[in-house]
Amino acid sequence: MTRLSNDWRRTHYTKDANESVTGKEVTVMGWIHEIRDLGGIVFVLIRDKKGILQLTAPTKETEPQLLEDIRKLRKESVIGLKGTVQESGKAPNGVEIIPTEIKIFSLANQPLPMDPTDKVKAEIDTRLDSRFLDLRRSSVSSIFKIKSKMLHTFRTFFESNDFLEINTPKLVASATEGGTELFPITYFEKEAFLGQSPQLYKQMMMSAGFDKVYEIAQIFRAEEHDTLRHLNEAISIDMEASFMDDVDVMKILNDLVQKVIINVKQNCKEELKTLEVDLETPEGHFEIVKYDDAVDMINSKDVPMEWGEDLSRAAEKALGDMMNGYYFLTEWPTEIKPFYAMPNEENPINSHAFDLMYKDLEISSGAMRVHQHDLLREKIAEKGLNPDAFGGYLKAFEYGMPPHAGWGLGADRFNMTLTGLENIRETVLFPRDRRRLTP
Ligand code: ATP
Ligand code: MG
């Protein structure tokens, strides 16, 4: 197999080796998508991240050594090709390449563990076992191009609105916010855990005077459930801002969701087409459903739900059926939201916590936070947690803490709504769930 020498550099992606360069010599690099040897002529389709190009080698006019090399090729091998672009009505993108030289960088073993050409459908487990091959399919790589555009939109928005990007620790001591199972790890002679969210740290940055912060990073949840919307490692997009309340940060979230959809529609046309998704841009303010009303709506569909309960899966589905697209669920009971959610002043059994939903899927949770030290200490104790274990966090509330609010949004879940996918595993390169830790 050949190494990459200096005289072999890509001059064109397959998509750009088109009619505009007819008659010119090009160098393309890619994977063997298909080989058809008709005896008198050999056709080879070469694929790269931008498309597919046809190599055409008429056996009589092709130099014997070159022809022999072409006939050696196997599906999914990686080659470099130098050749002349020639118009051709029958070829996939209107041109074909008459080869002058090829370089075989890597021959692929046969048979392949799965077919990466979209022709044969494979089960999700087979696909994930050979994810590198699965990702060669445009219907799969499209998901990640959309995700990249989505993340880029968040970053651009935050940066242009004076937010500071922060990186908080993912190795944490035992004090946690509760509400979810954590992964224990060995930290030298101590036990530690993988972080479930940057919540406590991003709040401490408010005391630090950073004013507006964001973080895009992994969160780890040791939840045992095996659902289509939970993973044990997910990406959370978190923001926190001082001198803002829940309504202010809901507005930011509303704007951001719209911006992402507009950008994805504008910049990922091909990808959306491949995925057969027709994205609608939600206009104006998302609808607001108060928790109290949601309980009534859910009960009206004969799904039993008591006031003060979290939404069961059946309740989420019932509500999702009644709602169009994105909506906020607000004024949650204080009791079922984390200790850092600010209770309502007049009616403390309700809180300033909200969720952003897309139909029956929770995308984000946020709140105005408790910034008063004594109240926060009390609320930690009320949840049955030990306030002393929160020393490092609580201290930040004793020496000047501005009122603040923020949210955390599941990037993978949001990506599901942009790509129309039902299974969160599809939107993560190498998903981690109850049964999967490799590859
Ligand atoms: P759920 O009730 O759906 O399990 P949650 O309320 O426990 O979610 P939060 O702690 O509010 O989740 O986390 C904020 C956001 O992070 C969620 O709205 C969701 O989008 C995402 N998220 C949380 N847990 C997971 C997970 N296990 N897998 C994927 N995304 C998650
Ligand atoms: Mg939540």
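Under an unreviewed UniProt entry, the name given to the chain is Aspartate--tRNA(Asp/Asn) ligase, and the source organism is Candidatus Methanobinarius endosymbioticus. Database annotation for the chain, UniProt heading Function (unreviewed entry): "Aspartyl-tRNA synthetase with relaxed tRNA specificity since it is able to aspartylate not only its cognate tRNA(Asp) but also tRNA(Asn). Reaction proceeds in two steps: L-aspartate is first activated by ATP to form Asp-AMP and then transferred to the acceptor end of tRNA(Asp/Asn)." The Sequence similarities (unreviewed entry) comment attached to the chain in UniProt states, word for word, "Belongs to the class-II aminoacyl-tRNA synthetase family. Type 2 subfamily."

Caption draft 1: Looking closely at helix 5 (residues 199-207). Among the residues of helix 5, Gln199, Leu200, Lys202, Gln203 and Met206 are the ones counted as buried. Buried residues of helix 5, seen end-on, are gathered within an arc of 165° and therefore sit on one face of the element. On its buried side, helix 5 packs onto strand 10 (212-220), strand 11 (233-242), helix 11 (391-395) and strand 16 (404-410). The first or second residue beyond helix 5 is Gly209, which carries a positive phi of 90°.

Caption draft 2: Region of the structure containing the nonpolar core. Within the largest apolar cluster, 67 residues are counted, with the highest numbers of intra-cluster contacts made by Phe154, Phe158, Ile237, Tyr393, Trp407 and Phe414. Those residues in contact with Phe154 that lie beyond four places of it in its chain are Ile216, Ile237, Leu256, Val260, Trp407, Leu409 and Phe414. Among the nonpolar cores identified, the runner-up in size contains 22 residues, and Val44, Val85, Ile97 and Ile102 belong to it.

Caption draft 3: Structural view of helix 12 (residues 411-419). Along helix 12, nine of the nine residues are buried, which leaves the element largely enclosed by surrounding structure. Looking at helix 12, one finds that the buried residues are Ala411, Asp412, Arg413, Phe414, Asn415, Met416, Thr417, Leu418 and Thr419. Just beyond helix 12, the residue with positive phi is Gly420, at close to 70°.

Caption draft 4: Up close: a negative patch on the surface. A contiguous patch of negative charge on the surface is contributed by Glu335, Asp374, Glu378, Glu382 and Glu398. Tracing the sequence through the fold places Glu398 in the loop between helix 11 and strand 16. The partly exposed category is assigned to Glu398, whose relative accessible area is 46%.

Caption draft 5: Representation of the environment of Leu279 within the structure. Locating Leu279 in the fold gives a position in the loop between helix 7 (269-275) and strand 12 (287-290). Between the C-alpha atom of Leu279 and that of Thr417, which follows or precedes it by 138 residues, the distance is 9.1 Å. Contacts of Leu279, omitting those with residues within four sequence positions, involve Ile261, Val264, Lys265, Leu272, Thr417 and Leu418.

Caption draft 6: A look at unusual backbone geometry. Cis geometry marks the peptide bond from Gln110 to Pro111; its omega dihedral reads -10°. Relative to the assigned elements, Pro111 resides in the loop between strand 5 (95-106) and helix 2 (124-129). In this model, Thr438 is joined to Pro439 through a cis peptide bond whose omega is -5°. In this model, Phe188 sits at a positive phi of 50°, which is unusual for a non-glycine residue. By the secondary structure assignment, Phe188 is in the loop between strand 8 (184-187) and strand 9 (190-194). For Phe188, a relative accessible area of 69% translates into the label exposed. Although it is not a glycine, Asp211 sits at a positive phi angle of roughly 70°.

Caption draft 7: View of the site of ligand 1. Every one of the 14 residues lining ligand 1 counts as a neighbour, but Arg221, His230, Leu231, Glu362 and Ile363 are closest to it. In the model, a nitrogen atom of ligand 1 is placed 3.1 Å from a nitrogen or oxygen of the Glu223 side chain. The separation between an oxygen atom of ligand 1 and a polar main-chain atom of Gly410 is 3.2 Å. Against a free-state accessible area of 580 Å², the protein chains account for coverage of 82% of ligand 1. Assessed atom by atom at 2 Å from the grid points, ligand 1 resides in the largest pocket. Those elements that provide at least two residues to the shell around ligand 1 are strand 15 (361-368) and strand 16. Ranked by residue count, the leading element in the shell around ligand 1 is strand 15, at four residues.

Caption draft 8: Here's a closer look at the UniProt feature "binding site: L-aspartate" (unreviewed entry) in the chain. Annotation from UniProt places "binding site: L-aspartate" (unreviewed entry) at Glu177, Arg221, Ser365 and Arg369. Considered against the largest pocket, the annotated residues that line it turn out to be Glu177, Arg221, Ser365 and Arg369. Its place among the elements puts Arg221 in the loop between strand 10 and strand 11. Exposure remark for Arg221: the relative accessible area of 26% places this residue in the partly exposed category. Those residues within four positions of Arg221 in sequence are excluded, and the remaining contacts are Thr180, Glu181, Phe183, Gln196, Ser197, Leu231 and Asn232.

Caption draft 9: Fine view of the pattern of salt bridges. By the definition in use, this model includes 28 salt bridges. A salt bridge links Asp125 to Arg436, with the nearest nitrogen and oxygen atoms 2.8 Å apart. You can see Asp125 sitting in helix 2 and its partner Arg436 sitting in the segment after helix 12, a full 311 residues away along the chain. We note a salt bridge from Arg434 to Glu224, for which the minimum N-O separation is 2.6 Å. Note that Arg434 is positioned in the segment after helix 12 and Glu224 in the loop between strand 10 and strand 11, a separation of 210 residues in sequence.

Caption draft 10: Quick peek at the coordination of the magnesium ion (ligand 2). At the metal site, the magnesium ion (ligand 2) is ligated by Glu362 (OE) and Ser365 (OG), and these contacts range over 2.2 Å. Looking at Glu362, the relative accessible area reads 27%, which means it is partly exposed. Owing to a relative accessible area of 27%, Ser365 belongs among the partly exposed residues under this scheme.

Caption draft 11: Spatial organisation of the packing of helix 8 (residues 291-300) against helix 9 (residues 313-322). Between helix 8 and helix 9, the least distance of the axes is 9 Å, while the angle of their chain directions is 95°. Regarding the angle of helix 8 to helix 9, the classification is roughly perpendicular. Where helix 8 approaches helix 9, its residues Ala294, Met297, Ile298 and Ser300 are matched on the opposing element by Ala315, Leu319 and Met322.

Conventions we followed
Residues numbered from 1 in each chain as written. Chains lettered and ligands numbered in written order. Predicted model: local features only at pLDDT ≥ 70, side-chain atom pairs only at ≥ 80, totals over all residues. Heavy atoms only, no water. UniProt positions renumbered as here; feature names shortened; annotations may be inferred. Buried < 20%, exposed > 50% of the residue type's maximum accessible area, 1.4 Å probe, protein only. Helix = DSSP H or I, 4+ residues; strand = E, 2+ residues; numbered from the N terminus. Arc of directions from axis to C-beta. Contact = heavy atoms within 4.5 Å. Core = buried A, V, L, I, M, F, W, Y, C linked by side-chain atoms within 4.5 Å. Patch = residues over 30% accessible without salt bridge, like charges linked within 9 Å, V, L, I, M, F, W, Y side chains within 5 Å. Areas by Shrake-Rupley, 256 points an atom, 1.4 Å probe, with all protein chains shown as cover. Salt bridge = Lys/Arg side-chain N within 4 Å of Asp/Glu carboxyl O. Lys, Arg positive; Asp, Glu negative; His and termini not counted. Charge placed at Lys NZ, Arg CZ, Asp CG, Glu CD. Near = heavy atom within 4 Å. Polar contact = N/O pair within 3.5 Å; in protein donor to acceptor, adjacent residues only side chain to side chain. 1 Å grid on protein atoms, 1.4 Å probe; cavity = no way out; pocket = protein on both sides within 12 Å on 5 of 7 lines; lining within 4 Å. Sits in = over half its atoms within 2 Å of the grid points. Donors = N, O, S within 2.8 Å, 3.2 Å for Na, K, Ca; no water. Axes fitted to C-alpha atoms, helices over the stretch in contact; angles between N-to-C directions. Parallel < 35°, antiparallel > 145°, perpendicular 65-115°, else oblique.

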